[in-house]
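Given next are the chains, with one letter for each unit.
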Amino acid sequence: MMRSRYSAYVLNIEPYIRASWHPDTCPEDLLLNDGTKWLSLKITGTEAGGPDDERGTVSFDAMYHLHGRKRRLRERSEFTRLNGAWVYVDGVIS
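Residue positions are given per chain, counting from 1 as you read along its sequence in written order. Selection of residues for local features in this predicted model requires a pLDDT of at least 70, selection of side-chain atom pairs for listing and counting requires 80 or more, and totals for whole chains, interfaces and linings are taken over all residues. Derived side-chain values reflect all non-hydrogen atoms in the structure, with water molecules and hydrogen atoms excluded from consideration.

*Asks:* Let's hear about the layout of surface pockets: which residues, and what values?
*Replies:* In this analysis, the protein atoms alone were mapped onto a 1 Å grid. Cavities are point sets where a 1.4 Å probe fits without being able to get out; pockets are open sets with protein on both sides within 12 Å along at least five of seven lines; lining residues have an atom within 4 Å of a point. Grid points are joined across faces, edges and corners, and a volume is the space filled by probe spheres set on the points. The space that makes up the largest pocket amounts to roughly 320 Å³. Around the largest pocket sit 15 residues that line it, and Tyr9, Phe60, Leu73, Glu75 and Tyr88 are the ones nearest its centre. Under the DSSP-based scheme used, a helix requires at least four consecutive residues in state H or I and a strand at least two consecutive residues in state E, with every element numbered from the N terminus. Broken down by secondary-structure element, the contributors of at least two residues to the lining of the largest pocket are helix H1 (2-11), strand S2 (55-66), strand S3 (69-82) and strand S4 (85-93). Classification convention: Asp, Glu, Lys, Arg as charged; Ala, Val, Leu, Ile, Met, Phe, Trp, Tyr, Cys, Pro as nonpolar; all other residues, Gly among them, as polar. Looking at the lining of the largest pocket residue by residue, the class counts come to 11 nonpolar, 2 polar and 2 charged.

Here it is, written out as structure tokens:
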């Protein structure tokens with residue numbers, strides 16, 4: 001799920017991003033056209049999220065370029081199942 005969401009951000013596919021985000025926490029404006037160019041994704045850890053789990057977490061580092069500078073996003077993302085499908089709930093940025 002994390003990799004497919006990252007790919008959707010890279011390709012600016014808003015319908016997929018919204019469909020994979022829990023409706024209770026999805027913001028109205030995703031700010032996808034802010035000039036961010038995503039460069040790489042590295043999954044740094046996972047917890048739960050297996051076939052028999054209802055919740056899981058993914059820790060990752062994503063490199064991106066914005067306003068002439070290379071930057072890093074480090075986040076621990078929370079996922080849950082909704083109608084049988086994994087969806088993003090929220091994340092803690094560090």
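*Asks:* Please give an account of the side chain of Arg5 that cites residues and values.
*Replies:* Along the chain, Arg5 turns up in helix H1. Relative accessibility decides the category of a residue: with a 1.4 Å probe and only protein chains considered, values under 20% of the type maximum give buried, values over 50% give exposed, and everything between is partly exposed. We count Lys and Arg on the positive side and Asp and Glu on the negative side, and we leave His and both chain ends out. Salt bridge, as used here, is a side-chain nitrogen of Lys or Arg placed within 4 Å of a carboxyl oxygen of Asp or Glu. Nearest to the buried, unbridged Arg5 among oppositely charged side chains is Glu75, at 7.0 Å. In protein, a polar contact means a hydrogen-donor-capable atom and an acceptor-capable atom, both N or O and within 3.5 Å, with residues adjacent in sequence counting only if both atoms are side-chain atoms; elsewhere, any N or O pair within 3.5 Å suffices. Within polar-contact distance, the side chain of Arg5 engages the side chain of Ser20 at 2.8 Å. Only heavy atoms enter the contact rule, under which two residues are in contact if any of them lie within 4.5 Å. Excluding anything up to four places from it in sequence, Arg5 contacts Tyr16, Ile17, Ser20, Trp21, Phe79 and Tyr88.

*Asks:* Requested: an account of the sheet that holds S4, with residues and values cited.
*Replies:* For two strands to be treated as a pair, DSSP must find at least two bridges joining them. A sheet is described by the order of its strands in space; here 4 strands give the open sequence S1-S2-S3-S4, paired in antiparallel fashion. Pairing within the sheet leaves two strands with one partner each, and these edge strands are strand S1 (37-48) and S4. Averaged over all neighbouring strand pairs, the angle between strand axes comes to 30 degrees, with direction disregarded. Direction of pairing for S2 relative to S3: antiparallel, over a ladder of 12 bridges. Residue pairing for S3: Phe60 is matched across the bridge by Glu75. Sheet contacts for H1: S1, S2, S3 and S4; angle to S1, the most-contacted strand, approximately 165 degrees. Every axis in this analysis is a line fitted to C-alpha atoms, fitted for helices over the stretch in contact. Angles between the N-to-C directions lie between 0 and 180 degrees.

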